[in-house]
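Coordinate inspection notes
These are the residues of each chain, in order.
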Amino acid sequence: MKPMNRRHDEKGTALTTGAVLLVTVFTLILGIAVDLSGQVQTKRQAFDVAAQAARVAGQHLDTDRFLDTAGSFRLSTATARQAALHYIEQAGMAGQVTIDGTDITVTATAQYTPVILPILGIATLPVTATAHARAVRALDGTER
């Protein structure tokens, strides 16, 4: 029987180990890119929800005051806040609404569930977006 050459026998093992390591690293990098782009998409959706909730809140005027004071207006704070929070809730998110006179600030909060990052122990990624709106009175496109 012929003695085995150890150097020749281990050559394929080193190449296989390197290839497996390289594929693993590339898979993790690709997975992180996919999950982070998913988080960005969720943030974009949260911003859209916050902006629409602010718009919805801006439609709730204090009509009694508007009619009594010949055109001066303010928002019905409680109704506007409730409408915005309801809109955010319908979108499956949580949120906060701040109303200061005619200025409306809405913050929507969501969670993105990653696909690959749980391998690294990251189960969710929080997402928060804030939008602002201001209720104005306009006539023929000119603020009054």
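As shown above, the structure is provided for reference.
All values derive from a computational prediction rather than experimental measurement.

Helices and strands together make up the secondary structure of the protein chain, namely three helices and five strands. In the protein chain, the succession of helices and strands from N to C terminus is α-α-α-β-β-β-β-β. A buried classification covers 24% of the 144 residues belonging to the protein chain. In the protein chain, 50% of the contacts between residues at least 6 apart in sequence involve partners at least 24 apart.

Let us now look at the nonpolar core. Ranked by internal contacts, the top residues of the largest apolar core, which has 25 residues, are Met93, Ile104 and Val106. Ranked by residues supplied to this core, first place goes to helix α1 (residues 6-58) with six residues. For valine 106, the residues in contact, after removing those within four places along its chain, are Ala50, Ala53, Ala54, Ile88, Gln96, Val97, Ala129, Thr130 and Ala131.

Quick look at helix α3 (residues 77-90) now. Between its first and last C-alpha, α3 extends 20 Å over 14 residues, near the 20 Å set by a 1.5 Å rise per residue. For α3, the complete set of buried residues consists of Ala80, Ala83, Ala84 and Ile88. One face of α3 carries all of its buried residues, which in axial projection span an arc of 135°. α3 presents Ala78, Gln82, Glu89 and Gln90 as exposed residues on the side facing more than 90 degrees away from its buried surface. At the exit of α3 stands glycine 92, carrying a positive phi of roughly 80°.

On the surface, a nonpolar cluster with roughly 500 Å² of combined accessible area is contributed by Leu21, Leu22, Val25, Phe26 and Ile29. Considering the arrangement of structural elements, one finds leucine 22 in helix α1.

Rules used throughout
- Residues numbered from 1 in each chain as written.
- Predicted model: local features only at pLDDT ≥ 70, side-chain atom pairs only at ≥ 80, totals over all residues.
- Heavy atoms only, no water.
- Helix = DSSP H or I, 4+ residues; strand = E, 2+ residues; numbered from the N terminus.
- Buried < 20%, exposed > 50% of the residue type's maximum accessible area, 1.4 Å probe, protein only.
- Contact = heavy atoms within 4.5 Å.
- Core = buried A, V, L, I, M, F, W, Y, C linked by side-chain atoms within 4.5 Å.
- Expected span 1.5 Å × (residues − 1).
- Arc of directions from axis to C-beta.
- Patch = residues over 30% accessible without salt bridge, like charges linked within 9 Å, V, L, I, M, F, W, Y side chains within 5 Å.
- Areas by Shrake-Rupley, 256 points an atom, 1.4 Å probe, with all protein chains shown as cover.
- Salt bridge = Lys/Arg side-chain N within 4 Å of Asp/Glu carboxyl O.

Note that every value here comes from positions in space, so none of it alone points to a role or purpose.
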